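Commentary on secondary and tertiary structure
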Amino acid sequence: MNRLLRKSLLATALLVATATVHAQWTGPKAKSTELKEIKYGPLSPANRDDEAMVAFRNYGLGQFIHWGLYAIPGNEWEGVSARGGAAASEWIRAWRGPDTPKDWVKTYDNLYKQFNPKDFDAKRWAKQAKEMGAKYLIFTTKHHDGFAMWPTQYSDYNISKSPYKKDIVKEVVDAYTAEGIDVYLYFSVMEWNNPDYMGKEPKTAAEKKKFDRFLNYTRNQLLELMTHYPQMKGFWFDGTWDQSWIKSYDFTYKLEQELREKHPGLIIGSRFRNDEYGKRHFDSNGQMLGDYEQGWERKLPGDITWLEGRDWDCVMTIPPNGWGYMKDWSGIYTKTTDDLLDMLVYSASLSGNFVLNFGPDGQGNMHPEEDRLAKEIGDWMKVNGEAIYGARHAGMTNSKLGYFTKKEDNLYLTIFNRPINNIVRISVPKTATEVPVTATLLANGQVLEVKHADLGIDLDKNTYYDVVVPHTFQTDRAFVIKMKVDSPKGKAEKLMDAKM
Ligand code: JFZ
């Protein structure tokens, strides 16, 4: 065999191998041709259509809150920044580097003795979230440091041992529920300071015993959370990537069964468990584990085909990374209101929810910039929210002007790039059974004319509808054109059809 041919064959073999081995949970899945026998596959049907899941699908906008002991340092300690030394502000306990303060872990593990957020008012947060337009909240009950924000009976490392004493999870769940915002509980399985936790697979009898204790503890805490806060809608699992957890697939399978039985309608993302081959998010046959795709973390799908009809949400930070409080926002790019609105509408145009993260400080105040962004997003949502809530992918290719969403016979185009001539041209396949017939500006209710434009471009499979934005309409944000769609019955279309 000549060298070149051999090389290309090898490359092809490698490609095939990587395509099947790394069937990833972002982007289109490489489907393996032979189906594996799987005992620990999905426990809930794909595209659940019960009330809870329909509600999830319609949220549009959510809020994430990372709050815990890491809020006290706020990504720095005694004037020394943890930037570069810690993966993120909420990871500050794992600060490693030349600047790490002496006895840092010990210092961190004692921070609970000073956790006493004097300004914390769950009702204020909930009101802000409501004003922003959030329909669900994901709240950190316990992050990787292992500190429980509720008075768990299964560990002493919890809020009742802090000077604050009161049950923060309860205050949050009650306040948000009262505002009509659904609450999901973030829960990290991995724990950094629990002596029973280990990252590697437990092998010896002693290790197995130890890790069994940990698994039992995890189960107890989850059941406890569901019992204490029965209004909760779901769990947002994290820290499930270690071999110890991956190899516990029999336990996690049964646990998921139990959680679902005890809490009908419970929603769990794809980051809870894996199959017996160690495949996380998706089992070895490409079936999603959990009710929605939970991998869209600080990233967004390229287009609708990547999602293959699955439910999903995107969770997003305002700074590049860092979910917990960061005192210092200088010298880093922090997303603007326009950036965030763009991601929100884009998510909706691909039938997903967008969840914006907040990291309150050690006293219970949001970062002042977060307050501003929440207000601006809320102002926008009050006018334009109908293009987001309950809206889905419109079946149209997103135009360079902005993003399409659809709800019943309403088609929305949220314009981020206003055309210089004010002609918003919407391209529709000539075969389309629905076309825009009327249009209004959500910003002021103004009725706009929809004109069919026969461009006369040969062999063009599309036809065009023009909506003219009045020159007098000025705005410094994205704006929405709401259109009614109906079957194409105008004279112009008929004429055009006749020519075909
Ligand atoms: C995890 C946490 O480690 C982090 O502190 C934060 O809570 C975030 C929401 O979740 O970080 C992850 C986990 C998974 C991915 C990325 C960051 N991922 O799968 O891309």
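Keep in mind that what you see is a predicted model, and the values were worked out from it rather than measured. (Residues numbered from 1 in each chain as written. Predicted model: local features only at pLDDT ≥ 70, side-chain atom pairs only at ≥ 80, totals over all residues. Heavy atoms only, no water.)

The next thing to look at is the overall build of the protein. A tally of helices and strands in the protein yields eleven helices and 18 strands. On C-alpha atoms alone, the protein measures out to a radius of gyration of 26 Å, which is about the 23 Å that the 2.2 N^0.38 rule sets for 500 residues. By the burial criterion, 53% of the 500 residues in the protein qualify as buried. In the protein, the share of contacts with a sequence separation of at least 24, taken over all contacts with a separation of at least 6, comes to 71%. Here the protein displays about 22,900 Å² of accessible surface, and carbon together with sulfur accounts for 54% of that area. (Helix = DSSP H or I, 4+ residues; strand = E, 2+ residues; numbered from the N terminus. Rg over C-alpha atoms; globule rule 2.2 N^0.38 Å. Buried < 20%, exposed > 50% of the residue type's maximum accessible area, 1.4 Å probe, protein only. Contact = heavy atoms within 4.5 Å. Areas by Shrake-Rupley, 256 points an atom, 1.4 Å probe, with all protein chains shown as cover.)

For the rest of this paragraph, the subject is unusual backbone geometry. A positive phi is found at Asn 47, a non-glycine position, where the angle reads about 50 degrees. Note on placement: Asn 47 falls in the loop between α1 (3-21) and α2 (51-58). Positive phi, normally seen in glycine, also occurs at Glu 308, with a value near 50 degrees. Looking at the element boundaries, Glu 308 is found in the loop between β8 (293-297) and β9 (312-316). For Glu 308, a relative accessible area of 40% translates into the label partly exposed.

All right, on to the sheet that holds strand β4 (residues 136-142) then. Here eight strands make up an open sheet; going across it, the order is β7-β6-β5-β4-β1-β10-β9-β8 and the pairing parallel. Pairing within the sheet leaves two strands with one partner each, and these edge strands are β7 (267-268) and β8. Where β4 lies against strand β5 (residues 182-188), six bridges are found, and the strand directions are parallel. If you follow Thr 140 over to β5, its bridge partner there is Tyr 186. Sitting on the sheet, helix α5 (residues 168-178) touches β1 (61-65), β4 and β5, and the angle it makes with β4 is about 175 degrees. Sitting on the sheet, helix α10 (residues 368-384) is in contact with β1 and β10 (353-358), with an inclination near 155 degrees to β10. (Pairing = 2+ DSSP bridges. Axes fitted to C-alpha atoms, helices over the stretch in contact; angles between N-to-C directions.)

Relative to the elements of secondary structure, Thr 317 occurs in the loop between β9 and α9 (337-349). According to the relative accessible area criterion, Thr 317 is buried, its value standing at 0%. Here the side chain of Thr 317 touches Pro 319 through a polar contact of 2.7 Å, landing on its backbone oxygen. (Polar contact = N/O pair within 3.5 Å; in protein donor to acceptor, adjacent residues only side chain to side chain.)

When the parts come together, some accessible area is lost, and that loss is often what is quoted as the size of the interface. One can read the domain layout of the protein as domain 1 (3-387) and domain 2 (402-486). Here the C-alpha centroids of domain 1 and domain 2 sit 38 Å apart. The interface of domain 1 with domain 2 comprises 14 residues on the first partner and 14 residues on the second. Of the roughly 1,300 Å² buried between domain 1 and domain 2, counting both surfaces, carbon and sulfur atoms make up 56%. It is Trp 380, Glu 386 and Ala 387 that lose the most area in domain 1 upon contact with domain 2, and together they represent 40% of the buried surface on that side. Inspection of the domain 1/domain 2 interface yields three salt bridges. A salt bridge links Lys 482 to Glu 386, with the nearest nitrogen and oxygen atoms 3.0 Å apart. Counting the contacts that link domain 1 with domain 2 gives eight residue pairs in polar contact (both at pLDDT 80 or more). Broken down by secondary-structure element, the contributors of at least two residues to the side of domain 1 that touches domain 2 are α9 and α10. (Domains from an automatic or database assignment. Buried area = accessible area lost by both parts, 1.4 Å probe. Salt bridge = Lys/Arg side-chain N within 4 Å of Asp/Glu carboxyl O.)

Take the pairing of strand β12 (residues 410-415) next. The side chains of a regular strand alternate, first on one face of the sheet and then on the other. Burial runs high along β12: six of the six residues are buried. Here β12 shows a buried face lined by Asn 410, Tyr 412 and Thr 414 and a second buried face lined by Leu 411, Leu 413 and Ile 415. Inspection of the sheet shows strand β11 (residues 402-407) paired to β12 by six bridges, in the antiparallel sense. By the bridge assignment for β12, Thr 405 is matched with Tyr 412. The loop that links β11 with its antiparallel partner β12 comprises two residues; one of these, Glu 408, has a positive phi angle of about 45 degrees. In this structure, β12 lies alongside strand β18 (residues 479-486), joined through six bridges in antiparallel fashion. The partner of Tyr 412 across the bridge, within β18, is Lys 482.

Right, let's talk about the confidence of the model for the protein for a bit. Interpretation of this model should avoid reading the predicted coordinates in detail wherever pLDDT is low. Overall, the predicted model of the protein reaches an average pLDDT of 92, with 91% of residues at or above 70. Every residue in residues 1-24 is under pLDDT 50, and counting partners more than four places away or in other chains gives eight contacts. The model gives residues 494-500 a pLDDT under 50, and that stretch makes six contacts with residues more than four places away or in other chains. (pLDDT = per-residue confidence, 0-100.)

The final tally for this structure, using the stated rule, is 33 salt bridges. Between Asp 109 and Arg 93 there is a salt bridge, with its nearest N and O atoms 2.7 Å apart. Here Asp 109 is found in helix α3 (residues 104-109), whereas its partner Arg 93 is found in the loop between β3 (80-81) and α3, with 16 residues between them in sequence. Its relative accessible area of 18% is what places Asp 109 among the buried residues. One salt bridge in this structure joins Arg 372 and Glu 369, with 2.6 Å as the shortest N-O distance. Here Glu 369 and Arg 372 lie together in helix α10, a separation of three residues that amounts to about one turn.

A few words now on helix α4 (residues 122-132). The complete set of buried residues in α4 reads Ala 122, Trp 125, Ala 126, Gln 128, Ala 129 and Met 132. For α4, the buried positions fall inside an angular range of 160 degrees around the axis, keeping them on one side. Here the buried face of α4 lies against β1, β4, α5, β10 and α10. At the N-terminal end of α4, a side-chain oxygen is found 3.1 Å from the backbone nitrogen of Lys 123, two or three residues along, and the residue is Asp 121. (Arc of directions from axis to C-beta.)

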